[in-house]
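Residues per chain, in single letters:
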Amino acid sequence: MARAAAAALSGLVAGYAALAVAELLAVALRPSTGPVTAVGAAVIDRTPSGVKDWAVRTFGTDDKLVLQAGILAFLVLCAALLGILALRTRRLAAGCVAAFGVLGAGIALSRPDAGGLLAALPSLAGGIAGAVVLYVLAGQLASPEAAEVGAAASGDLPRPDSGDLPRRRFVLATAGVAAGATGVGAAARALEAGSTAAAEAGRATVELPAPASPAPPLPRGVDLRVEGVAPFRTANRDFYRVDTALDVPRIDPGSWRLRLHGKGVGNPRVLTFQDLLGRALVERDITLTCVSNEVGGPYVGTARWLGVPLGALLEEAGVRPPSRGGPADQLVARSVDGMTVGSPVETVMDGRDAMLAVGMNGEPLPFDHGFPVRMLVPGLYGYVSACKWIEDIELTTFDDYDAYWVKRDWAREAPVKTQSRIDTPKPFARPAAGRVTVAGVAWAQHRGIDRVEVRVDEGAWQQAELAAEGSVDTWRQWRWDWAATPGSHILQVRATDGTGALQTAKRTRTIPDGASGWHSVVVNVT
Ligand SMILES: Nc1nc2c(c(=O)[nH]1)N[C@H]1C(S)=C(S)[C@@H](COP(=O)(O)O)O[C@H]1N2
Ligand SMILES: [Mo]
């Protein structure tokens, strides 16, 4: 029993050493090639949409942490089992550890952002390190009899030692390897911290020019300042984050390039960050929404974005929308981490404030939100418009190419659905009877919100008071004062958009093109 535990421990230490070596090399070469990251990204890409949707719903922005913890737990289990296997046959066990390295290397190479053969190195080196450690430690563990059994099975030489000596050697060797791996891991973290600091410093030196077209002044009263309601403008630190990136790309704006090419692009171009900053910039308040947002969900926010008008840039490059005879109906944006986002060219060029954003709420884009440049198209869900860490724009057709989420059964085209949300009172709140303020937000980007209504216990719809409108591209706050009576009540909200269309009552799932239905909240008035 004690030997089995020691054997499992030797497997764990071998795995620990393997990961430490792999991570150090990964950080030294490029963050996204680390085995856990590469495997995690591959798992994300292969996870069925339903499961992914469930993960986003259940774990929110922690979904990636949960995934990485899951992969680590799996590796821990495998390492312990291989350690025990090594008691019987250490060649086979060490071979299995090496095979893990080869598998990790294969997955790293298959990533869209692999970049070359070097991507295989961290996993390969880690696998070899782990295999050597396990082979040596298992050798220390082998008692003379066990070694003979092992020798018979695998051709190992029996060790002559007996008594306490091998045990002491095993403990020393294990502790030594663990300490060494910890040192290697610390070096990896120090290196990573250094490159993060360099990226932060690079971002800090970016000076955003003043917009040629500043955001139109907001009318008074866009924010009703009701306690518990999302503020009109979302602070960067509070802005939701949804993406597939396990390691947030940290791009040096000095070496960043954007390629613009494809069907009907008369003048293909490569733009630098300075090229973009040198153009006439616009500043706009725009509400961004994720298609994975459930009715009543949190994946929606409004920021003041600064960016290059995308329609004009496309015009200059010779692009014409399909309505003017252009051959491309889809614009595919690609990010440095291999995400692809397809938007209708017609929509991007219809005069709305589609942009290549460089600023968010008065600062350069945060790394999490796409530094140095991301795309935005008001009125479309993020997965069909808002490519972060963008590096390539290709004009093509919907027939010729399916973007990342479209390959995974989400809709090709996805305009934002009209939605309204009750922010206060919270579900199962226990307000005192009397006047209770019911309030929240409603959005229908690029159509605007014309009316919000509330009802209690499926009674008559009551018109809510609307906050002033920022623009048709922003959400709108609303409030309604309720004379609440004791007991359990259900509150419901619905909005009417700027075209006069009423928000549908029909409840749908988020996949394929966004959740619909009325948000309701149950409260217990005391
Ligand atoms: N490179 C990249 N861009 C991306 C994504 C991604 O996974 N990778 N996710 C998209 C989705 S689904 C949404 S909703 C928005 C979210 O932007 P945010 O994280 O800044 O809120 O980014 C979009 N752009
Ligand atoms: Mo999204």
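Residues numbered from 1 in each chain as written. Chains lettered and ligands numbered in written order. Predicted model: local features only at pLDDT ≥ 70, side-chain atom pairs only at ≥ 80, totals over all residues. Heavy atoms only, no water.

Visitor: Explain the nonpolar core to me, using residue names and the numbers behind them.
Guide: Considering soluble globular proteins, one finds that nonpolar side chains tend to be buried as a cluster. Counting 83 residues, the largest nonpolar core has Trp 305, Leu 310, Leu 331, Leu 356, Ile 390 and Leu 395 as its most contacted members. If near-sequence neighbours (up to four positions away) are discounted, Trp 305 is found in contact with Phe 239, Val 282, Glu 283, Arg 284, Ile 286, Met 355, Ala 357, Gly 359, Met 360, Leu 365, Arg 374 and Leu 376. Judged by nonpolar contacts, the second largest core, of 20 residues, contains Val 438, Ala 442, Trp 480 and Ala 495. (Core = buried A, V, L, I, M, F, W, Y, C linked by side-chain atoms within 4.5 Å. Buried < 20%, exposed > 50% of the residue type's maximum accessible area, 1.4 Å probe, protein only. Contact = heavy atoms within 4.5 Å.)

Visitor: Which residues make up the UniProt feature "transmembrane region" (unreviewed entry) in the chain, and what are the values?
Guide: Feature annotation in UniProt assigns "transmembrane region" (unreviewed entry) to the following positions: residues 65–85, 92–110 and 116–138. Secondary structure across residues 65–85 divides into 100% helix and 0% strand, with the first and last C-alpha atoms of the span separated by 30 Å. Helix makes up 78% of residues 116–138 and strand 0%, with an end-to-end C-alpha separation of 35 Å. (UniProt positions renumbered as here; feature names shortened; annotations may be inferred. Helix = DSSP H or I, 4+ residues; strand = E, 2+ residues; numbered from the N terminus.)

Visitor: Tell me about the UniProt feature "domain: Oxidoreductase molybdopterin-binding" (unreviewed entry) in the chain, and please be specific about residues and values.
Guide: Following the UniProt record, one finds the feature "domain: Oxidoreductase molybdopterin-binding" (unreviewed entry) at residues 246–405. In residues 246–405, helix accounts for 11% and strand for 36%; the two terminal C-alpha atoms are 17 Å from one another.

Visitor: Residues and numbers for the sheet that holds strand β17 (residues 487–497), please.
Guide: Whether parallel or antiparallel, the strands of a sheet pair through hydrogen bonds between backbone atoms. A sheet is described by the order of its strands in space; here 4 strands give the open sequence β14-β13-β17-β18, paired in antiparallel fashion. Strands with a single pairing partner mark the edges of an open sheet, and in this sheet they are β14 (462–463) and β18 (519–525). As paired strands, strand β13 (residues 449–456) and β17 are joined by 7 bridges and run antiparallel to one another. Across the sheet, residue Val 454 finds its bridge partner in β17, namely Val 493. (Pairing = 2+ DSSP bridges.)

Visitor: Can you break down the side chain of His 261 residue by residue, with the values?
Guide: Within the secondary structure layout, His 261 lies in strand β1 (residues 257–262). In this structure His 261 comes out as buried when scored by relative accessible area, which is 12%. Those residues within four positions of His 261 in sequence are excluded, and the remaining contacts are Pro 268, Asp 392, Ile 393, Glu 394 and Leu 395.

Visitor: I'd like a description of the domain arrangement of the chain, backed by residues and values.
Guide: Once the domains are mapped, the chain shows domain 1 (2–201), domain 2 (236–408) and domain 3 (419–525). The C-alpha-based centres of domain 1 and domain 2 are spaced at 38 Å. For the domain 1 and domain 2 pair, buried surface summed over both sides reaches about 1700 Å², with 55% attributable to carbon and sulfur atoms. Counting across the interface, domain 1 meets domain 2 through 2 salt bridges. The closest approach of N and O atoms between Lys 64 and Asp 243, which form a salt bridge, is 3.5 Å. Between domain 1 and domain 2 we count 4 residue pairs in polar contact (both at pLDDT 80 or more) in total. Of all the elements in the fold, those that place two or more residues in the side of domain 1 that touches domain 2 are α2 (35–46), α3 (49–59), α4 (63–88) and α8 (165–204). Its residues assigned to classes, the side of domain 1 that touches domain 2 shows 7 nonpolar, 8 polar and 7 charged. (Domains from an automatic or database assignment. Buried area = accessible area lost by both parts, 1.4 Å probe. Salt bridge = Lys/Arg side-chain N within 4 Å of Asp/Glu carboxyl O. Polar contact = N/O pair within 3.5 Å; in protein donor to acceptor, adjacent residues only side chain to side chain. Nonpolar A, V, L, I, M, F, W, Y, C, P; charged D, E, K, R; others polar.)

Visitor: An account of the sheet that holds strand β15 (residues 465–466) is needed here, citing residue identities and associated values.
Guide: Judged by pairing direction, the sheet is antiparallel, and its 4 strands sit side by side in the order β11-β12-β16-β15 without closing on themselves. Since the sheet does not close on itself, it has two edges, and those belong to β11 (419–424) and β15, each with one partner.

Visitor: Account for the packing of aromatic side chains, naming residues and giving values.
Guide: Aromatic rings considered in pairs are described by the distance between their centres and by the relative angle of their planes. Scanning the model with the defined rule gives 12 aromatic pairs in all. Measuring from centroid to centroid gives 5.4 Å for Phe 239 and Tyr 240, while their planes differ by 20°, and the two rings are stacked. Members of the aromatic cluster, joined through ring pairs, are Phe 239, Tyr 240, Tyr 299 and Trp 305. Over the face of the ring belonging to Phe 367 we find Arg 203, whose NZ or CZ atom lies 6.0 Å from the ring centre. In this structure, Arg 334 packs its charged tip against the face of Tyr 401, placed 5.7 Å from the ring centre. (Phe/Tyr/Trp six-rings, centres within 6.5 Å; stacked < 30°, edge-to-face > 60°. Lys NZ or Arg CZ within 6 Å of the ring centre and 35° of its normal.)

Visitor: Outline the site of ligand 1, listing residues and values.
Guide: Around ligand 1 there are 19 residues in total, and Tyr 240, Thr 244, His 369, Arg 374 and Lys 388 lie nearest to it. A distance of 2.9 Å separates an oxygen atom of ligand 1 from a polar backbone atom of Thr 244. At 2.6 Å, a side-chain N or O of His 369 approaches an oxygen atom of ligand 1. Across the complex, the protein chains shield 98% of the 530 Å² of accessible surface that ligand 1 would expose by itself. Residue composition of the shell around ligand 1, by class: 10 nonpolar, 4 polar and 5 charged. (Near = heavy atom within 4 Å. Areas by Shrake-Rupley, 256 points an atom, 1.4 Å probe, with all protein chains shown as cover.)

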